[in-house]
Amino acid sequence: DEVQNNYKIGYFGSLFMRINFDRHFLQPEISYNINRCNITFEKPAEENAPLEMASITSSIHSIDIPVIYGYNVIKEGPYSLAVFGGPKFRYIWNKKSEVTFENFDQQGISERLRPLNLSFTLGVAVTISRIFFDFRYDIGLHNISRKVTYDDGVVEGDPPADEIRFHRRDNVLSFSFGVFF
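Predicted model only: the values in this text are computed from it and were never measured. (Residues numbered from 1 in each chain as written. Predicted model: local features only at pLDDT ≥ 70, side-chain atom pairs only at ≥ 80, totals over all residues. Heavy atoms only, no water.)

## Re the nonpolar core
Nonpolar side chains in soluble globular proteins tend to be buried together.
Moving on, step 1. Within the largest apolar cluster, 13 residues are counted, with the highest numbers of intra-cluster contacts made by Phe41, Ile56, Phe101, Phe104, Ile109, Val148 and Ile164.
Moving on, step 2. Contributions of two or more residues to this core are made by β4 (24-42), β5 (53-76), β7 (98-102) and β11 (145-151).
Moving on, step 3. Looking at this core, the element that brings in the most residues is β4, giving three residues.
Moving on, step 4. By size, the runner-up hydrophobic cluster in this structure holds five residues, among which are Phe25, Ile68, Phe84 and Ala125. (Core = buried A, V, L, I, M, F, W, Y, C linked by side-chain atoms within 4.5 Å. Buried < 20%, exposed > 50% of the residue type's maximum accessible area, 1.4 Å probe, protein only. Helix = DSSP H or I, 4+ residues; strand = E, 2+ residues; numbered from the N terminus.)

Next up, the structure:
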């Protein structure tokens, strides 16, 4: 019930190409990302039992390919202000990614992430000469968690343990600083 998303700083490097059409532009990109997060929450407890917290920590490595359409609201000399949006295709590199579960009743918990994902990107960019500042928000369009498994330790004839369901969309707020070549 009391979920706390503890935001973490991630990193990325990106290459892109901007194709200008007067005030409009198309900007295909490719980037390598490391997204990190930590989620803590109260474990369901029996009546009169002490309150316990559990957490999930992840570090996800991915290759992202956004295709951005933008419009320069202001384009005067070396200065411009643009708004943009477009789809972002994402490949999660499961071998490099790590998800850990702490203080759960289940043992041997592991999560399988969907390797291919789709997001939508919205943002604002300011350009001064060849330097740009980019502020964007990526909206995850579906659950990136495919399956969570664990060692249930069930003895034949016992009822099955509660399943772990982990629904998460990958929403990312990012700020970029770069140089046009």
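## Side note on the environment of lysine 147
Moving on, step 1. With respect to the helices and strands, lysine 147 occurs in strand β11.
Moving on, step 2. The sequence separation of lysine 147 and asparagine 103 amounts to 44 residues, and the corresponding C-alpha distance is 19 Å.
Moving on, step 3. Filtering out sequence-adjacent residues up to four positions away, lysine 147 remains in contact with Ser110, Glu111 and Arg112. (Contact = heavy atoms within 4.5 Å.)

## With respect to the layout of surface pockets
Moving on, step 1. Approximately 1,200 Å³ is the volume found for the largest pocket.
Moving on, step 2. Lining of the largest pocket is provided by 47 residues; of these, Phe12, Asn33, Asn35, Val172 and Ser174 occupy positions nearest its centre.
Moving on, step 3. Listed by contribution, the elements that provide at least two residues to the lining of the largest pocket are β1 (4-7), β2 (11-16), β4, β5, β10 (131-140) and β12 (172-179).
Moving on, step 4. Of all the elements, β4 adds the most residues to the lining of the largest pocket, at nine residues.
Moving on, step 5. In the lining of the largest pocket, the residues fall into 22 nonpolar, 13 polar and twelve charged. (1 Å grid on protein atoms, 1.4 Å probe; cavity = no way out; pocket = protein on both sides within 12 Å on 5 of 7 lines; lining within 4 Å. Points joined across faces, edges and corners; volume = space filled by probe spheres on them. Nonpolar A, V, L, I, M, F, W, Y, C, P; charged D, E, K, R; others polar.)

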